[in-house]
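Here is what each chain is made of, one letter per residue.
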Amino acid sequence: MRNKRTKKKRYGKYGDAALLAVMLFLSLEVFFLDWNNIREAEAVMEQQNTQRVSQKSGRKYCGQQEVDVVEESGQGRKETVKDQSETVPYRYIKGCTLSKKVQRDIFEICAGANISFELVMALIKQESDFDPACVSDDGQSVGLMQIQEKWHRDIMDKLGCTDLYDPVQNVRVGVELLKRHFVKYKDAAYALMAYNGGQAYADRQVREENISAYAACILEQAAEYERRNEL
């Protein structure tokens, strides 16, 4: 009888150890499952954040859809573009001589390129004062964003631009050019300097840590437009 009790006691001790081991294993499994779920949730959130255009640039949307007035105030009319998936607010620049239709087209171009609408409008203000017929540099720089055909023919061909005096075609080319500079410099000031003076000029300014008066003026004007649009 003594031996049997001893054996039962030893068996119970090992059984408790085994039970603890199983419980520990299950706890660790639950922990790693929760950790994986957290990481997956973080990955989904990060993907959503990268797909979302910043408030300064507007939110992404596709196509020209029905437009409704949603608010009217001292800042001017605020409208929305209707889509099956979401409603996206248009923004305008108060006092701009371009029509609301052209400004909506520019807004869509900027949203598609993930570039600030206000920054592009400030650049247009600097380059042409919102005049689609503006010509400078002995006729070489044309339109709203002062595109030079001899330097930007590749972008024109890519986008199907045939008329630089057309404000929408001109802005498509200009925004594509500005986007390329953003990809290289990752900075608005240096992207603007490259737009104005070329990449060699911008590279020199980067090395010297300078910001040109041209870029500073556009950034200041863009900030003012953002303030007016309550961004």
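You'll find the structure just up there.
Quick summary incoming for the structure in this document. Note that the structure is predicted; figures quoted are calculated from it, not measured.

**A closer look at the side chain of Gln-103**
Then comes step 1: Here Gln-103 is to be found in helix α2 (residues 100-113).
Then comes step 2: Exposure remark for Gln-103: the relative accessible area of 1% places this residue in the buried category.
Then comes step 3: Here the side chain of Gln-103 touches Ile-93 through a polar contact of 2.8 Å, landing on its backbone nitrogen.
Then comes step 4: Excluding residues within four positions of it along the chain, Gln-103 makes contact with Tyr-92, Ile-93, Cys-96, Leu-98, Phe-117 and Met-121.

**Side note on unusual backbone geometry**
Then comes step 1: Positioned with a positive phi, Asp-138 is a non-glycine residue whose angle comes to about 55 degrees.
Then comes step 2: Structurally, Asp-138 is set in the loop between β4 (135-136) and β5 (141-142).
Then comes step 3: The class for Asp-138 is exposed, based on a relative accessible area of 81%.
Then comes step 4: Despite not being glycine, Lys-186 shows a phi value in the positive range, around 55 degrees.
Then comes step 5: Relative to the helices and strands, Lys-186 is located in the loop between α5 (167-185) and α6 (188-197).

**Some thoughts on the nonpolar core**
Then comes step 1: Grouped together as the largest cluster of nonpolar side chains are 47 residues, with contacts concentrated most on Ile-106, Val-120, Met-121, Ile-124, Met-145 and Val-175.
Then comes step 2: Not counting chain neighbours up to four residues away, the residues in contact with Ile-124 comprise Ile-106, Asp-129, Phe-130, Leu-144, Met-145 and Val-171.

**Points about the environment of Arg-153**
Then comes step 1: By the secondary structure assignment, Arg-153 is in helix α4 (residues 149-159).
Then comes step 2: With 20 residues separating them in the primary sequence, Arg-153 and Val-173 have C-alpha atoms 9.4 Å apart.

**Side note on the sheet that holds strand β6 (residues 147-148)**
Then comes step 1: Read across the open sheet, the three strands follow the order β4-β5-β6; overall the sheet is antiparallel. Only two strands of the sheet have a single partner each, and these edge strands are β4 and β6.
Then comes step 2: Both β4 and β5 contribute to a ladder of two bridges, which runs antiparallel. When the bridges of β5 are listed, Ser-136 appears paired with Ser-141.

Cut-offs used in this document
- Residues numbered from 1 in each chain as written.
- Predicted model: local features only at pLDDT ≥ 70, side-chain atom pairs only at ≥ 80, totals over all residues.
- Heavy atoms only, no water.
- Helix = DSSP H or I, 4+ residues; strand = E, 2+ residues; numbered from the N terminus.
- Buried < 20%, exposed > 50% of the residue type's maximum accessible area, 1.4 Å probe, protein only.
- Polar contact = N/O pair within 3.5 Å; in protein donor to acceptor, adjacent residues only side chain to side chain.
- Contact = heavy atoms within 4.5 Å.
- Core = buried A, V, L, I, M, F, W, Y, C linked by side-chain atoms within 4.5 Å.
- Pairing = 2+ DSSP bridges.

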